[in-house]
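# Coordinate analysis (summary)
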Amino acid sequence: MASESTPSPFNTLGIVGTGAMGRGIAQLAAQAGLDVMLFDVKEGAVQEAKNFINGLWQRSAEKQRISEDQAQQYSERLIEASELAALAPCDIIIEAIVEKLEAKQGLFSDLEDIISQQAVLATNTSSLSVTAIAAACQHPERVIGFHFFNPVPLMKIAEVIPGLRTSDEVTQRVNTLGAAMGHFTAQATDTPGFLVNHAGRAFGTEALRILGESVTDPATIDRIMVDQGGFRMGPFTLLDLTGLDVSHAVMESVYQQFYEEPRFRPSPLTRQRLAAGLLGRKTSEGFYNYIEGKQQMPDEPTIAAVSPCPVWISQDDPESAEALAGLVKTAGWPLETGTQPTEQALCLLTPFGEDATSCALRQTLDAQQCVAVDMLAGLDNRRSLMTTPLTQDTFIQAAQSLLNHDGTAVSTLQDSNGFVLQRITACIVNVGADIAQQSVAEPATIDRAVELGLGYPFGPLGMGDHYGASRIMTILNNLLEATGDPRYRPSPWLRRRAALQVSLTTA
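Let us look at the structure shown here. (Residues numbered from 1 in each chain as written. Predicted model: local features only at pLDDT ≥ 70, side-chain atom pairs only at ≥ 80, totals over all residues. Heavy atoms only, no water.)

## Focus on the overall build of the protein
How we decide: A helix here means a DSSP run of H or I that spans at least four residues, while a strand means a run of E at least two residues long, and both kinds are numbered starting from the N terminus. Only protein chains enter the accessibility calculation, which uses a 1.4 Å probe. A residue is then buried if its area is under 20% of the maximum for its type, exposed if over 50%, and partly exposed in between. Contact criterion: two residues are considered in contact whenever any of their non-hydrogen atoms come within 4.5 Å of each other. Note that His is not counted, nor are the chain ends; the positive residues are Lys and Arg, and the negative ones are Asp and Glu. For charged residues, the charge sits on one atom: NZ in Lys, CZ in Arg, CG in Asp, CD in Glu.
Per the secondary structure count, the protein includes 20 helices and 16 strands. For the C-alpha atoms alone, the extent of the protein along its principal axes is close to 85 × 50 × 45 Å. Split into buried and exposed, the 507 residues of the protein put 54% on the buried side. Considering only residue pairs separated by 6 or more positions, the protein has 72% of its internal contacts joining residues 24 or more positions apart. Averaging the positions of the 36 positive and the 58 negative side-chain charges in the protein gives two centres separated by 1 Å.

In C-alpha cells, the structure reads:
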C-alpha cells in the first residue's frame, strides 16, 4: 500500500471515468490521504468501482497488510459525485475517459465552468497531445498529463507531461502528488508516446521485422529475448497479452505522429493478423494458441549429440574468440589454432550486425563450414547460432551439439544481419539515445521509467552501457550498410558516446 509519508499538495481529487484506470488511481489517492470524488456517466459505475476498491482493502486487512481501521479510513475517502457539477470542491481532477481528443477537450471545457481557477485538470491520456487537449481550455496553463499504467497500484510509475503552456507550479505540484501516491514520477515532454511508450517502440517492431524476414519463429525470438537477453517476457508474448487491437493501433499512431519516422515503422504482419481477428490471449489465438488462457508454447527442436570434430574460431573479436575457445576446451573438442582452418574444421564466427555469409566471405572462409555465434550476451545462458545458406548439415549439427554440450539451450537461426538479440537490443538502445537527444526526459529518468514501465532488464541507456556503446554502434552501422534502411541510423547522442568510449579506451 502507498505510504502517506509524502504530503500531498492537493486535498480533494476528482476522477472522471471509473474503469480500470480510474479506480486504480482512486485507490492510490485515497491511500495517500486525499478525499476522492468519483464521477462516471454510466449508471452504477461509481458504486461498482467503490465496491471493487473496498474489496481490495478488505482483503488486505484480512491478510493483515493493513488494519481494519485503515481500510475503513480509506473507504470513507471515496465519495460519489452524482453529477459533474458535484466535482466543484476538487482542487485536481484526473480524467480517465475514452481516448478521443474531442471527448477530452469537451470534458475539460465543461469542468472549467465548475471548478475554481486554482484547480488543476489532469489527463491520463496515453497517446494524445496534452497541448492539444489544453488548447480548448480557457486556462491551458493548468492542464497537464498525468499518465498511469495498468494495473495502477502495481505499476509504480506515473508520467508527468506538461503541455507547452502548462505552468511550472502545476508541474511541480503534480510531480509531488505522484510521489505522495507512492509512484516514481517520470517527467517528460509532450511528444508522441511520451516517454515509456516512445521508448518501447523498438522491442516489438524489430521483432516483427525479424519474423517478416523468416529469420526464425515467434517462440524462438521470445526464448532468446527472455533467456539470453534477460527480458521479463518476449515481444510476441507481450503482443498477445496486450492484444493486437491495442498494440497495432499504438504502433500506427506513434509512426504517424512522428511523420513516418522509420525507427517506428509498423509491420504489415500485425495489420494482417488484426484483420483475421488473431488478437492474442483475448481471442485464444494470436502468435500463440491459448487453452483456458494458458499459452501453448511449442516444444524446442531436439539437439542430437555428435562426435567431436576439429573447431576453428575466428579471431575477428579477440574477447569472443577467447570465450568460445574456453567452451571448446571444456567440451573436450579439438581446437585448431592456425591462421586458416582445415577442411574438416567447424568454423565459428562472431559477427556483430553482420550476417554469417558476409562475415565468412570477408575472411575468405568456406561458407560450407561456417556457423556464426551471437556473443553479445556471452555464453552463460541460451546460445544463438546462425548458418550461411551453404553451411553443411554436418557442421550445423556439430555446432549445435558443441554449444549444447553442457545442457544450455541453443537456438538456430537463418542467416541475417545481427541475429535476434543484437538487432532488438541495438534498436532499443538507439531509440532511447534519441529520446535523450531530444531531451524528452533526463537520462536517469529514461532508464528508470523504462525499467518500471516496461520491465526491461536495463533501461535503454543502461543497456548501451552494459553492452558497450561502440558495440551497439557497430551493430547499427552494419545493419544500416546492409539494408540501407534509415531505421538503423545511429542517434547522434549514441554516436558521440561511442566515440568518447573509444577515445577513453585508447588514451
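Here the narrative resumes, following the displayed structure.
## Some thoughts on unusual backbone geometry
In this chain, N150 is followed by P151 through a cis amide linkage whose omega measures 0°. Among the secondary structure elements, P151 is positioned in the loop between β6 (143-148) and β7 (157-162). Here the phi dihedral of F194 falls at roughly 50°; this positive angle occurs in a residue that is not glycine. With respect to the helices, strands and loops of the structure, F194 is situated in the loop between β8 (184-187) and α7 (196-199). On the basis of relative accessible area, F194 is assigned to the buried category, the value being 1%. Of note in this structure, T364 is not a glycine but carries a positive phi near 50°. Mapped onto the elements of the fold, T364 is located in the loop between α14 (356-362) and β14 (370-373).

## Considering the nonpolar core
Inclusion rule: Side-chain atoms within 4.5 Å are what join buried Ala, Val, Leu, Ile, Met, Phe, Trp, Tyr and Cys residues into a set we call a nonpolar core.
In terms of nonpolar packing, the biggest core is built from 99 residues, with I221, F236, L346, L348, L402 and I424 touching the most fellow members. Counting residues per element, this core draws most heavily on helix α16 (residues 421-437), which supplies 10 residues. I221 has contacts with A207, I210, L211, T216, P235, F236, V420 and I424, leaving out every residue within four places of it along the chain. The next biggest cluster of nonpolar side chains, apart from the first, holds 36 residues, and it includes V46, V120, V174 and L177.

## Considering the pattern of salt bridges
The criterion, for reference: What counts as a salt bridge is simple: a side-chain nitrogen of Lys or Arg found within 4 Å of a carboxyl oxygen of Asp or Glu.
The tally for this structure, following the rule as stated, stands at 22 salt bridges. E261 is the partner of R489 in a salt bridge, and the nearest nitrogen-oxygen pair spans 2.8 Å. Separated by 228 residues along the polypeptide, R489 in the loop between α19 (469-483) and α20 (492-506) and E261 in the loop between α11 (244-257) and α12 (268-275) bring together distant segments of the chain. For R489, a relative accessible area of 29% gives the class partly exposed. Take E261: its relative accessible area is 15%, and that puts it in the buried class.

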